[in-house]
Amino acid sequence: MVEVSHLTKRYGPRTAISDLCFTIESGRIYGFLGPNGAGKSTTMNIITGCLAATEGSVTIGGHDIFEEPVAAKKLVGYLPEQPPLYQDMTPREYLAFVLEAKGVKGAKAQGQMERVVEITGIGPVKDRLIRNLSKGYKQRVGLAQALTGEPQVVVLDEPTVGLDPKQIIEIRDLIRQLGDQHTVVLSSHILSEVSQVCDQILIIDQGRLVANGTPQQLSQMLKGGQVLSLLVKAGEAQARAALRELPGLDSLESAADPEGTLLRLHPAEGADLREAAFTHLSQAGLVILEMKREQATLEDVFLQLTEEKEGETA
């Protein structure tokens, strides 16, 4: 559906994205992650035709976004982080304006308006001024405009930013529904949200793609994918000292707990730390109150990949 090939964007001496390549397939929800300044918004602005690239190409449904911009843009709906709303219009007036701008008229325009109003749940407020709407409803109106024109690809940049927990859940459910009929590209800093909603995840750092896979595949990438969690009846320094020479240990996190110390042990690839951790702690005379293996979270994967990149370029 979307092919990004050797995409590069420079602002003078600064390179925002560098030789970026990936493919977005139809009918899936993609998460697009990266730390601040990684190049996510730049990439999405290029994909949606809002920004020119320095080098490379983007094709949407076989149409080059630079060579055939009108045909390519007809296939894309875009919700920027700040929804492009006209505050003195009602949602009905605003959507009519957007539909006309996209060349949709007459009965077809009316039908599309009714459809996006129903999908986004803005019916109760469609005749109120946008400036008087809550943040959640404004976000829904912005999403409604992204759905006008019946796009095949919907690009959402931080669609839940600034929303309360109830509104976040509602927008998240709405994104899942969109995935039934559209290809969705979702950028978000809420990693738990991405892991719950997305089928495939792309992680970008310093303008380069550092990971591409399902949430399960990315978890497996992280040093074998398993984290060993321990609750030890000891002080933090004592517990860490007992595991300092643990074979197969890649990294160790610790935190104080009312019952002792919580430890999270990240193994080297293929290592199983359970038996060795038990032996080392027992030899140190420390009591293990709890031991369990956890699947690495998307947050673990994200932090490791981006921190490794920072270390390489430091």
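All values reported here derive from a predicted model rather than from experimental measurement.

Caption draft 1: A look at the overall build of the protein chain. From N to C terminus, the protein chain includes 11 helices and 14 strands. Based on the C-alpha atoms only, the size of the protein chain along its principal axes is roughly 80 × 45 × 30 Å. Here the protein chain carries 31 positive and 41 negative side-chain charges, and the mean point of each set is 5 Å from the other.

Caption draft 2: Up close: the environment of valine 232. In this fold, valine 232 is placed in strand E11 (residues 226–233). Separated by 89 residues in sequence, valine 232 and leucine 143 place their C-alpha atoms 48 Å apart. If near-sequence neighbours (up to four positions away) are discounted, valine 232 is found in contact with Glu259, Gly260, Thr261, Leu263, Leu281, Leu286 and Val287.

Caption draft 3: The confidence of the model for the protein chain, seen in detail. With 95% of its residues at a pLDDT of 70 or more, the protein chain has an overall mean of 89. Within the protein chain, helix H3 (residues 91–101) carries the highest mean pLDDT (96), whereas helix H11 (residues 298–313) carries the lowest (63). This stretch, residues 309–314, has a pLDDT under 50; its non-local contacts, to residues over four places away or in other chains, come to 6 contacts.

Caption draft 4: Summary view of unusual backbone geometry. Not every positive phi belongs to a glycine, and aspartate 19 is a case in point at roughly 50°. Mapped onto the fold, aspartate 19 is located in strand E2 (residues 14–24). A relative accessible area of 41% places aspartate 19 in the partly exposed class. Unusually for a residue other than glycine, glutamate 158 sits at a positive phi of about 50°.

Caption draft 5: The arrangement of the pattern of salt bridges in detail. Going through the model one piece at a time under the given rule, you end up with 10 salt bridges. We note a salt bridge from arginine 176 to aspartate 173, for which the minimum N-O separation is 2.8 Å. Here the residue arginine 176 and the residue aspartate 173 both occupy positions in helix H6 (residues 165–178), the gap between them amounting to 3 residues, near one helical turn. Taking relative accessible area as the criterion, aspartate 173 reaches 34% and is therefore assigned partly exposed. Across the pair arginine 264 and glutamate 253 runs a salt bridge whose closest N-O atoms are separated by 3.6 Å. On the criterion of sequence distance, the pair formed by arginine 264 in strand E13 (residues 260–267) and glutamate 253 in strand E12 (residues 249–257) is long-range, its members being 11 residues apart. For glutamate 253, a relative accessible area of 37% corresponds to the partly exposed category.

Caption draft 6: Up close: the sheet that holds strand E10 (residues 208–213). Read across the sheet, 6 strands follow the order E6-E7-E8-E3-E9-E10 without closing on themselves; strand pairing throughout is mixed. A single partner strand is all that each edge strand has here, and the edge strands are strand E6 (76–79) and E10. Going across the sheet, the axis of each strand differs from the next one's by a mean of 15°, ignoring polarity. Of the strand pairs in this sheet, strand E7 (residues 153–157) and strand E8 (residues 183–187) are connected by 5 bridges, and their pairing is parallel. Looking at E8, one finds that valine 153 is bridged to threonine 183. Where H6 meets the sheet, it contacts strand E3 (29–33), E7 and E8, and its direction lies at approximately 150° from that of E8.

Caption draft 7: Representation of the sheet that holds strand E4 (residues 55–60) within the structure. On the basis of which strands lie adjacent, the open sheet formed by 4 strands has the order E2-E1-E4-E5 and antiparallel pairing. Looking along the sheet, the strands with just one partner apiece sit at the ends: E2 and strand E5 (63–64). Docked against the sheet, helix H1 (residues 40–47) engages strand E1 (2–11), E2 and E4, running at close to 60° with respect to E2.

Caption draft 8: Expanded view of the packing of aromatic side chains. The tally for this structure, following the rule as stated, stands at 3 aromatic pairs. Relative to phenylalanine 32, the ring of phenylalanine 22 lies with its centre 6.0 Å away and its plane at 45°, an arrangement referred to as tilted. Highlighted residues: phenylalanine 22 in strand E2 and phenylalanine 32 in strand E3, separated in sequence by 10 residues. There is no split in this pair, since phenylalanine 22 and phenylalanine 32 are both buried. The rings of Tyr86, Tyr94 and Phe97 are connected pair by pair, giving a single aromatic cluster. Here lysine 9 stacks its cationic end above the ring of tyrosine 11, 5.2 Å away from the centre of that ring.

Criteria and cut-off values
Residues numbered from 1 in each chain as written. Predicted model: local features only at pLDDT ≥ 70, side-chain atom pairs only at ≥ 80, totals over all residues. Heavy atoms only, no water. Helix = DSSP H or I, 4+ residues; strand = E, 2+ residues; numbered from the N terminus. Lys, Arg positive; Asp, Glu negative; His and termini not counted. Charge placed at Lys NZ, Arg CZ, Asp CG, Glu CD. Contact = heavy atoms within 4.5 Å. pLDDT = per-residue confidence, 0-100. Buried < 20%, exposed > 50% of the residue type's maximum accessible area, 1.4 Å probe, protein only. Salt bridge = Lys/Arg side-chain N within 4 Å of Asp/Glu carboxyl O. Pairing = 2+ DSSP bridges. Axes fitted to C-alpha atoms, helices over the stretch in contact; angles between N-to-C directions. Phe/Tyr/Trp six-rings, centres within 6.5 Å; stacked < 30°, edge-to-face > 60°. Lys NZ or Arg CZ within 6 Å of the ring centre and 35° of its normal.

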